[in-house]
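Coordinates in review
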Amino acid sequence: MENRIIELLKESDALLTGHFLLSSGKHSDKYVQCAKLLQYPDKAEEVCKVLKEKLKDEKIDIVVGPAMGGIIIAYELGRALGVPAIFTERENNEMTLRRGFEIKEGQNVLIVEDVVTTGKSSLETIKVIEENGGNVVGIASLVDRTGGKDIGTKLFSAVALDINTYEKDNCPLCEKNIELVKPGSRKKF
């Protein structure tokens with residue numbers, strides 16, 4: 001099934017190759033722009049069916065997607081699972097629930113992301129869920145870029161990709177003078 005997910009990423013031009021500046025400050029030779037895949041509801045639905053199957057043994061009452069990347073995939077997975085889908089967002093640089101969303105005491109909550117690399121947004125969302133009395137089931141993601149690193153909770157992903165990352169001072173792409181691009185903004189540095 002992972003081959004099919006990679007095929008969907010390629011078909012939608014979501015799997016990019018080049019020289020990318022990541023939000024961590026590191027550089028990479030590939031970048032996954034899941035929004036390119038998620039613009040196609042049929043492809044999003046197909047990926048969520050894969051995630052739904054991987055989650056079949058979990059008790060989930062509600063899904064929460066950290067803004068921005070987790071919103072669409074949380075909605076689609078919520079629909080596939082038949083549970084509500086909400087999102088967290090930053091307010092004054094802190095992850096929070098807004099817009100009247102709530103997590104009830106004791107609810108089993110699944111965090112849903114497009115891509116998990118370090119799990120930073122998810123860890124901030126875990127804090128919000130726990131502060132509201134929810135039980136974190138784990139994290140579901142379209143793409144797992146953790147490289148097998150433990151992120152402190154269960155991770156369910158449609159596909160795991162091994163993508164090279166480099167410190168900016170030790171980047172072979174910089175040494176080759178390959179143009180550096182910040183994904184999303186497509187800015188050159």
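Predicted model only: the values in this text are computed from it and were never measured. As a convention, each chain's residues are numbered from 1 in the sequence order in which they are written. With pLDDT at 70 or above as the cut-off, local features in this predicted model cover only qualifying residues; side-chain atom pairs require 80 or more to be listed or tallied, and sums for whole chains, interfaces and linings still use all residues. With hydrogens and water set aside, each side-chain value is computed from the structure's full complement of heavy atoms.

Quick word on the overall build of the protein
In this description a helix means any DSSP run of H or I spanning at least four residues, a strand means any run of E spanning at least two, and both kinds are numbered starting from the N terminus. Summing up its helical and strand segments, the protein has six helices and eleven strands in all. In this setup the radius of gyration rests on C-alpha atoms only. A globule is expected at 2.2 Å times the number of residues raised to 0.38. Relative to the compact-globule value of 16 Å for 189 residues, the protein shows a C-alpha radius of gyration of 17 Å, a close match. Reported as C-alpha extents along the three principal axes, the dimensions of the protein are approximately 55 × 35 × 30 Å. For every residue, the accessible area obtained with a 1.4 Å probe (protein chains only) is divided by the maximum for its type, and the residue is called buried under 20%, exposed over 50%, and partly exposed between those limits. Burial status across the protein gives 44% buried among its 189 residues.

Thoughts on the sheet that holds strand 4 (residues 85-91)
Taken in spatial order, the six strands of this open sheet run 5-4-3-6-7-8, and their pairing is mixed. The strands lining the two open edges of the sheet, one partner per strand, are strand 5 (94-97) and strand 8 (155-160). On average, adjacent strands in this sheet sit at an angle of 25° to one another, irrespective of strand direction. DSSP-based pairing: two strands are paired if at least 2 bridges between them are found. Note: strand 4 against strand 5, four bridges, orientation antiparallel. When the sheet's bridge partners are listed, Thr88 is paired in strand 5 with Leu97. Only C-alpha atoms enter the line fits that serve as axes; for helices the fit covers just the stretch in contact. Angles between N-to-C directions range over 0 to 180 degrees.

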